[in-house]
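Here are the chains, one letter per residue:
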Amino acid sequence: MKPTNIFDPNYFHKVVDCQWACPAHTPVPEYIRLIAQERYTEAYMLNWDSNVFPGVLGRTCDRPCEPACRRVRTEENPVAICRLKRVAADNKGDIAAYLPKVPAQKNGRKIALIGGGPASLAVARDLLPLGYEIDLFDKDPAGGGMMRSQIPAFRLPEEVLDEEVNLILDMGVNAHFNHEVTSMKEMLDKNYDAYFVGTGAPKGRDLELPGRAEVGPHIHIGIEWLASVAFGHIDSIEGKVIVMGGGNTAMDCCRTALRLGAESVSVVVRSAFDVMKASDWEKEDAMNEGIPIINNHPPKAYVHENGKLKGVLFDKVEAIKGDDGRYTYEPTGEEVFMECDHVLMAIGQDNHCPWIERDVGIEFDKWDCPVLDEETLQSDNPKVFFGGDSAFGPENIIWASAHAHKAAISIHLFCQGKDLKADRPPEGVNLLSTKMGVHEWAYDSNHDPSARHLVPHADPAKALSDVKLEVELGFDRALGAKEAQRCLNCDVQTVFSEKLCIECDACVDICPMDCISFTENAEEDVLRNLLTAPASNKEQDLYVSEDLKTGRVMVKDEDVCLHCGLCAERCPTNAWDMQRSVVHVPQLGSYSAG
């Protein structure tokens with residue numbers, strides 16, 4: 001194998017698994033260290049720079065970072081990264097001094113943001129400091145989009161959402177709420193310099209079963225029903241409720257219905273439990289509130305009498321897992337009738353842009369999603385950019401932030417007459433020598449195999465009687481500090497210097513994971529099996545040195561390294577050094593575009 005180029009920005013970025021997995025590439029270990037030092041305001045701002053909504057995401061994120069956490073490969077449970085983000089948000093001080101300055105003198109360019117959700121708000125935040133004038137249009141009476149309309153208040157308190165939404169609006173957004181855009185042609189006629197569409201994926205799917213027309217008033221589209229609850233149009237639901245669907249919206253619907261007075265609530269899913277789209281913790285929260293999840297039951301028909309819904313008839317299937325891990329479903333021949341008075345339909349969402357005429361130069365694919373350049377998020381109409389759910393379909397808030405950073409760079413380059421790809425700011429990486437182990441260091445580097453800490457919850461009786469009472473209370477400072485100690489500091493890298501190495505094998509002897517080897521070089525497939533412990537996970541790289549004096553090479557398996565620093569402590573010649581990798585993922589706030 002060729003020697004590893006550790007100055008490739010993405011090499012050590014990939015090694016920091018949590019940051020690599022985060023769509024917005026939040027520097028997770030760095031903000032966790034700041035929490036451990038009780039520097040909550042700095043930890044919050046580090047998050048705000050990349051993911052824009054730390055208080056919201058600390059409660060609602062889908063947590064793609066956590067399955068990637070190195071703790072999963074050393075113990076069972078990852079660091080509670082999401083909940084630590086909330087620790088920073090809950091304990092931050094005055095952030096006014098840290099906020100970007102917005103110039104009073106504008107640059108002469110006007111941008112229209114259509115939709116007031118997380119993607120549009122994040123675009124506004126990125127563009128305002130560069131002097132752009134921003135007009136935002138949204139049909140709802142307040143900003144936040146799906147964060148406000150589809151996430152129940154018992155998961156995301158209104159005051160938390162308002163704080164982070166208003167932080168951006170108060171930077172100087174010209175907000176036009178209660179203003180539904182019904183024609184893209186009309187918007188284009190206003191001749192803005194660029195347009196960003198962040199209207200989400202607002203069309204909930206329905207299910208046309210026999211009897212659907214007769215029981216219309218008893219069937220509710222999940223996202224529309226949640227929005228009606230959020231804006232105070234619905235404050236109760238009576239009788240027995242069935243929620244159809246296995247995603248996070250279904251979990252929000254069933255838990256909301258329970259709080260609004262339903263006699264009973266059941267979730268019915270056509271697929272097996274372990275392939276449901278809902279996050280594991282969302283399913284756990286629902287079941288902990290006594291809501292049954294009934295799997296392997298595809299719906300067959302609505303049963304009604306004189307226009308009144310009596311229940312739903314389901315087929316029962318057997319889930320058979322194949323060698324490839326996928327399920328096939330075999331009918332058992334059994335039918336199951338479940339009594340209910342209401343059905344909440346949460347079987348998915350589709351892009352829905354009827355207000356964008358199909359002759360304005362924006363091409364749509366067969367899923368009604370706009371055809372976009374994935375790097376620039378520009379549509380076929382060069383003035384129009386998309387992001388969030390309206391770009392590629394339903395995702396999480398963290399994806400909206402990631403799209404927004406990309407789109408804001410593209411809009412800026414477009415308005416400056418530059419090439420949207422060739423002139424994009426580059427990625428970068430800095431390596432900073434960092435003391436580890438017995439030396440004084442900013443963080444305790446001991447590898448403590450302690451279990452993940454449990455987050456406190458509100459009293460169940462009170463929580464189930466109040467649709468706005470937050471259920472999860474979050475970590476206090478003490479629990480946050482303990483959980484922070486579980487981070488393995490994956491951004492502090494083991495950096496090897498061939499010139500200093502005497503091949504004494506001291507690092508090999510002390511490594512607790514047997515991840516360092518000195519061996520003859522070979523092609524990767526062969527080399528992986530020549531190591532002290534074979535490196536079987538090909539998704540993780542091998543760190544390969546230049547040739548040493550003996551002709552051998554040093555090879556480290558990045559998959560299982562704990563970043564504990566023992567190799568650097570033990571090395572008699574300082575051939576190993578612990579260096580913190582600071583990955584620069586470009587966005588408008590972090591470079592001067594001129």
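Residues numbered from 1 in each chain as written. Predicted model: local features only at pLDDT ≥ 70, side-chain atom pairs only at ≥ 80, totals over all residues. Heavy atoms only, no water.

Draft legend 1. Region of interest: the packing of aromatic side chains. This structure, assessed with the given rule, holds eight aromatic pairs. Taken together, a centroid distance of 6.2 Å and an interplanar angle of 65 degrees make the contact between Tyr11 and Tyr543 edge-to-face. Residue Tyr11 is located in helix H1 (residues 9-15), and its partner Tyr543 is located in strand E19 (residues 542-544); the two are separated by 532 residues in the primary sequence. For Arg125, the ring lying beneath its charged end belongs to Trp48, and the centroid distance is 4.5 Å. Sitting above the plane of the Phe273 ring, Lys283 keeps its charged end 4.2 Å from the centroid. (Phe/Tyr/Trp six-rings, centres within 6.5 Å; stacked < 30°, edge-to-face > 60°. Helix = DSSP H or I, 4+ residues; strand = E, 2+ residues; numbered from the N terminus. Lys NZ or Arg CZ within 6 Å of the ring centre and 35° of its normal.)

Draft legend 2. Structural detail: the domain arrangement of the chain. Here the chain is described as being made up of domain 1 (102-201 + 351-415) and domain 2 (204-349). Look at where the C-alpha atoms of domain 1 and domain 2 centre, and you get two points 32 Å apart. Taken together, the contact pairs 12 residues of domain 1 with 11 residues of domain 2. Three residues, Gln150, Phe154 and Arg155, lead the burial of domain 1 against domain 2; their summed loss comes to 48% of the area buried on that side. The interface formed by domain 1 and domain 2 holds two salt bridges in total. Between Arg155 and Asp252 there is a salt bridge; the shortest N-O distance is 2.9 Å. In this structure, the connection of domain 1 to domain 2 is made through four residue pairs in polar contact (both at pLDDT 80 or more). Here the side of domain 1 that touches domain 2 is built from residues that sort into six nonpolar, three polar and three charged. (Domains from an automatic or database assignment. Contact = heavy atoms within 4.5 Å. Buried area = accessible area lost by both parts, 1.4 Å probe. Salt bridge = Lys/Arg side-chain N within 4 Å of Asp/Glu carboxyl O. Polar contact = N/O pair within 3.5 Å; in protein donor to acceptor, adjacent residues only side chain to side chain. Nonpolar A, V, L, I, M, F, W, Y, C, P; charged D, E, K, R; others polar.)

Draft legend 3. Examining the environment of Leu209 more closely. Along the chain, Leu209 falls in the loop between strand E5 (203-204) and strand E6 (219-221). Each C-alpha atom, one on Leu209 and one on Tyr302, is 6.7 Å from the other, the two residues being 93 residues apart in sequence. Once residues within four sequence positions are removed from consideration, Leu209 is found in contact with Pro299, Lys300, Ala301 and Tyr302.

Draft legend 4. Fine view of the sheet that holds strand E15 (residues 384-386). Pairing is parallel across the open sheet formed by five strands, whose spatial order is E3-E2-E1-E4-E15. Each edge of the sheet is formed by a strand with only one pairing partner; in this case those strands are strand E3 (174-176) and E15. Adjacent strand axes in the sheet meet at a mean angle of 20 degrees, parallel and antiparallel pairs treated alike. Examined bridge by bridge, strand E1 (residues 110-114) and strand E4 (residues 194-197) share four bridges and lie parallel to one another. Within the sheet, the bridge partner assigned to Leu113 lies in E4 and is Phe196. Contacts from helix H16 (residues 397-415) reach E1, E4 and E15 within the one sheet, and its direction differs from that of E4 by about 165 degrees. (Pairing = 2+ DSSP bridges. Axes fitted to C-alpha atoms, helices over the stretch in contact; angles between N-to-C directions.)

Draft legend 5. Structural detail: the sheet that holds strand E12 (residues 327-339). Taken in spatial order, the three strands make up an open sheet running E10-E11-E12, and their pairing is antiparallel. Of all the strands in the sheet, the pair left with one neighbour each is strand E10 (299-305) and E12. Strand-to-strand, the axes of this sheet are offset by a mean angle of 20 degrees, without reference to chain direction. With 10 bridges connecting them, strand E11 (residues 308-321) and E12 associate as antiparallel partners. Along E12, the bridge assignment pairs Gly311 with Glu339.

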